Structure formats: structure tokens, C-alpha cells
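# Remarks on the overall topology
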Amino acid sequence: MKAFLTTRLAALLVLPLLAAPVAIAGPSGLDTQITQPGESAFSKRVTLGLNKSTIVDLGAPAADVVITNPDIADAVVQTSQRIIFRGMKYGQTNAFVFDRSGNQILNLEINVEMDMSSIEDMISRHVPGARVKVEGLNGNVVITGTTDSLSEADAVQRLVEAYLNANDQTKIVNMIDIAAKDQVMLEVRIVEMQRSVIKQLGINLSGATNFGDLASQSLQQVFQNGFPLFFEPDTTRVLADGTVQVIPGAGYNTTNQGTAVQQMQPDLPFSRSVGFSSANGYNVAGNRLGGLSGDVGYTNYNDGRFQSSAGAAIDALERIGIVRTLAEPNISAVSGESAKFLAGGEFPVPVGQDNNGRITIEFKPYGVGLGFTPVVLSEGRISLKVSTEVSELTNQGSFQGQSIAGVDDKGNVITAQTLTIPALSVRRAESTVELPSGGSMMLAGLIQTRTRQSLDQLPGLNKLPILGALFQSRDFLNEETELVVIVTPYLVDPTQKNMLRTPADGFANASDAKTIFFGKLNEQYGRDGAPVSASDYRAPVGFIEE
């Protein structure tokens, strides 16, 4: 403690001398010497850990020790040739040591920072492949060097944070370089198969019958002792030469008509009839889709008059369909950055309407979409956050507008048709996976089966053995969907332009003569069904894969 007080006293005595005007030996001041910090022959640099000490052994006995900022570093003079410097606070200061003759023995440049030797030892044990250095800077930490992967760099930073127990006032500046390549191309393959089976079998019956020709009597006017009035119209006939001859009729006969009396006489007969029919619908498919149609029936006449009829109409259909969808979007991005790709379109959707009737719309995308964010962890590990989508417009589930009536400013009644907004059939997958460069993984898979069936029956009659099938209709629908999404990332490098090929290479329009006489649209571009060779086309366009 006595040595510490002596040092403080010497510092207080020297500071006024440093602040006083410098004495100039001659008029020209050629004997004046100014020594900048760290520029003398006795200058040394040392980094002190916070709350840690460094021992300095001098080659000659010291008489005075001067510290510029005792709040940052303090000194304890143990002997005339041994001084202990202690770090008190983050910062920089310097110390001067003089002998009894006033000559400078040591100019010590002191930098007080956190001791990083323990952190570096811990990093070398837990992350042996990391070639990093941890330095302090005014209470903050700077990490420099190189690692083979992003995971190693992240592990180094997490170790430093855990060691320092970093708070809001401590900043960690990560300046680690990743040795792995950071440009990633993602190849996505979307394959979908849809199979559908529709069966329709409908029987519609119809029939009618007349029965009971019943005679009746009515009060009628008859003539006795004469002939009734009658009218004989004109008649026409065609002669052999093609001319038409008109023969006048007799006209009314009003002579000797007798006496008219009223009496009951038989009237024209009338009949009773019964008819029936059945009409079955197709609720699953919505309507009859076609196929084979047949009608059977009979009609009975008695003495030239309709007596009865019966008939049956049979509709039969079996439809099998298959749909194949293939999409292979490719897109590239730098590690840590996001990229999006869309091949499709956009359709308008109304989102609001003002007081004047003007409609505000937004455009919604549809088609083949791809978005991903790659993170290169190492040469053999790539972390991918992938979002892929295949959507198409459909009428199923769409919003159907209605007709609305109104009156304009002139009093006329007008009818306007509201909007019809289509729906979207979407297959979407989002996930985060980790793959090596060139490795593939099935990101998503879907097997979906949907079966719908309905029977339209006549109650009671459908229970009849064998004949009950004549009084029912069947509508059957079976849909199967299988979807697979495969992702493959690649670490890629740019290449020379002449090493790349595009789908348009080798294409040329045909001449007018070849188009007119031979029906050609282009010169030889590729044989029908021949695969694309590597010399003609190289994918992905713009990069060479590892």
C-alpha cells in the first residue's frame, strides 16, 4: 500500500510538469524532443485482462511511475525493479517508468480488455475445425477467422455468448468467413396422376292403358216422318292429266225434314285411362353424361283405337379418365437469401366497393409456384426451407354471382350481373429439410381416393327379386389422386457463356417453299420422340452442377 501511495504521489507531481509550457533551449527550438505514445525505443504494448494483473521486471531500478489514466489501469511498485500493473476498466492508457536520473526506462502502452485465452481454449476443444480468433474491443468481442461450415461458425458464436453471458451492452461482432460455397440451385419435381371412373346405369319406365269403353244416353233432337237437315260439301278430284275437278255438293236439304222431337238416344262412348312413368336422376355426376341409350316398348290398338302402351328407356355409361401433371421448376439463390418462382397467372378478386359503386380488386396468383431459402451448413449439408405449390382455376367451389335489378337516374329498371369468382384447386407443401449437394428427398406424397355412389329407386318395387333392378338407377364415381414432390439441391458455380445451351439453340424457321409444299414450320430441330442429348441442352441453364 505504501508503494501504491508513492506511485500516486509521483503521478500527481509529474502531471503539472507535463502541463507546463515546454522549455525551449534555443531560439530555434532544435533541442526540443516530442515522443508520441508507443514511438520511443522503450515502448512496449501489453493487453491486460479486466481485473487481472501483469508483472513487469525492469532491467534498471525505477524511481518514478506515471500512469495517464489510473481509472483504467493501476500499478503497484513491489520493488525498485518489479512493478505489477492491474486492469481496472475497459479502455486504453499508457505508463512511463523513469530512473533516478530522469531517464525513460519503459513506455508501456496498456489495453484493458476481457481475457480471451480461456474462450479460445474452449473453442479449440469443442470446435476443433474452427480457425478463429477472439479479440476484445472496448468491452465488446470481435470474432475473426474461417470455418468449414455455417454450423461451426454458429457453434463458435454460441460458445462466446455462453462464456460472456452477453447482455444488451455487450456486442459480439461475427466476422467469420465460411469456406463452403454459398450459391444453391434447387430442382423440384412435381408429379401428379389422377384417375377417375364413372359408371351410370339408369332405367326409366313409362306406360298407359285405356279400359272400360262406357256408353251413355243423352237428350237429342230427332225427326219423325221426314229427313233431317243435312249439308253436303263440295268435293274435288284430280284427273289423269293432272287437272283438279271440283264437284259441287248438294247443299242443305230442307225439304221433307219431318217433325223434330226430343228423346233419349245413345251418345258417343268415353273411356278410362291410366298412365305411369319414372324419371331417375344422376346426383353424383350432376347429369347424364352420355353413353348408350336404348328404348323398348309396345303400343296396343283395338279396332283402330289406342288401347294401351308400355315402354322402358335404358341409359348406360362407363367412363375412365387419367390425367398426368409434371412440373420441374428450378431456381437458384445465395445462402441465407430467399428466392421465388411462379409459372402461371393471376386472376382478379374483388375486395371492396366504395359509395360510387366502384369495385376494388386484388390479383391472386395461380400456377406452379416455388419458394425456398437455402442455408449452406457445410460442403455436404444444405438446409432448405421449401414451399411449393401447384394450383389451377376450377368451377368447383367457385362463387357464383346473381342477377340484381335496380333503377337508374332516369327511372329505368336495369338488371346487372354480379361477378363470378373462380375457385382454386391447390396442392401445396411446405417443409424444412437438410440434404447434401446432389441428394434428393421426397418432400411430400399424397394418395387420395374418393368414392361416391347413389341409387335412385322406386319404393317397394326395388325389393322384387331380379325385377327390382328395373326400378332403380345407379350413379357411381371413383377418383384417385397420387402426388409426389421431390427436391434436389446443388451447390453451383457460374460458368462460361459458350458452355451453356438453351431450348432455342438450333431452331430456325422453314423457308416459304418448305412451308407451302411440305407443311414444315421449322428446320430440323429434333427427331420425333428422340431424347435431348447433353451436347444439345445443358441444365440447369446458367450454372454447372457439382
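The preceding data block contains the structure.
Since the structure is predicted, the reported quantities are computational estimates derived from the model, not experimental observations. (Residues numbered from 1 in each chain as written. Predicted model: local features only at pLDDT ≥ 70, side-chain atom pairs only at ≥ 80, totals over all residues. Heavy atoms only, no water.)

### Brief notes about the sheet that holds strand E23 (residues 359-378)
Defined as follows: When DSSP finds at least two bridges between two strands, those strands are taken to pair. A run of DSSP states H or I qualifies as a helix once it reaches four residues; a run of E qualifies as a strand once it reaches two. Both are numbered from the N-terminal end. Think of each axis as a best-fit line through the C-alpha atoms, taken over the contacting stretch in the case of a helix, with angles from 0 to 180 degrees between the N-to-C directions.
Reading across from one edge, E22-E23-E24-E27 is the order of the four strands in this open sheet, with antiparallel pairing throughout. Since the sheet does not close on itself, it has two edges, and those belong to strand E22 (339-353) and strand E27 (421-435), each with one partner. Adjacent strand axes in the sheet meet at a mean angle of 20°, parallel and antiparallel pairs treated alike. Two elements, E22 and E23, share 14 bridges in a ladder whose sense is antiparallel.

### Describing a nonpolar patch on the surface
The condition is simple: Patch membership requires more than 30% relative accessible area and the absence of a salt bridge. Residues of like charge join within 9 Å; the nonpolar side chains Val, Leu, Ile, Met, Phe, Trp and Tyr join within 5 Å. The accessible surface values rely on the Shrake-Rupley method and a 1.4 Å probe; as for residues, cover is taken only from the protein chains in view. Put simply, a salt bridge is a Lys or Arg side-chain nitrogen that is within 4 Å of an Asp or Glu carboxyl oxygen.
Side chains of Leu-461, Leu-464, Ile-466, Leu-467 and Leu-470 sit close together on the surface and give an oily, nonpolar patch of about 480 Å² of accessible area. Along the chain, Leu-464 falls in the loop between strand E28 (441-457) and strand E29 (472-493).

### With respect to the nonpolar core
In plain terms, the rule: Residues belong to a common nonpolar core when they are buried Ala, Val, Leu, Ile, Met, Phe, Trp, Tyr or Cys residues joined through side-chain atoms within 4.5 Å. Buried, partly exposed and exposed residues are distinguished by accessible area as a fraction of the type maximum, computed with a 1.4 Å probe on protein chains only: under 20%, between the cut-offs, and over 50%, respectively. The contact criterion used is simple: two residues touch if any of their non-hydrogen atoms lie within 4.5 Å.
Judged by nonpolar contacts, the single largest core of 23 residues is most densely connected at Leu-186, Val-188, Ile-190, Phe-372, Leu-384, Val-386 and Val-487. Breaking this core down by element, the ones donating at least two residues are strand E11 (183-214), strand E21 (330-334), E23, strand E24 (381-399), E27 and E29. With sequence-adjacent residues up to four places away left out, Leu-384 is seen in contact with Leu-186, Phe-372, Thr-373, Pro-374, Ser-431, Thr-432, Val-433 and Pro-489. Counting 19 residues, the second largest nonpolar core, distinct from the first, contains Val-56, Val-65, Ala-73 and Ala-95.

### Digging into helix H3 (residues 150-164)
Note the cut-off: A helix's residues, less one, multiplied by 1.5 Å, set its expected span. Read the arc as the range of directions from the helix axis to the C-beta atoms.
Compared with the 21 Å implied by 1.5 Å per residue over 15 residues, the 21 Å span of H3 between its first and last C-alpha is a close match. Among all positions in H3, only Glu-152, Ala-153, Ala-155, Val-156, Leu-159, Val-160 and Leu-164 are buried. Across the axial projection of H3, the buried residues extend over an arc of 160°, all falling on one side. The elements touched by buried residues of H3 are helix H2 (117-126), strand E8 (131-137), strand E9 (140-147) and strand E10 (172-178). After H3 finishes, the residue Asn-165 shows a positive phi value of roughly 55°.

### Here's the deal with unusual backbone geometry
Even without a glycine there, the phi angle at Asn-51 is positive, about 65°. Relative to the assigned elements, Asn-51 resides in the loop between strand E1 (43-49) and strand E2 (53-57).

### Details of the sheet that holds strand E3 (residues 64-67)
Reading across from one edge, E1-E7-E6-E3 is the order of the four strands in this open sheet, with mixed pairing throughout. Edge positions in the sheet fall to E1 and E3, since each of these pairs with one other strand and no more. Taking each pair of neighbouring strands and ignoring which way they run, the sheet shows an average axis angle of 20°. Sheet topology places strand E6 (residues 91-98) next to strand E7 (residues 104-113); eight bridges connect them, and they run antiparallel. Across the sheet, residue Asn-94 finds its bridge partner in E7, namely Glu-109.

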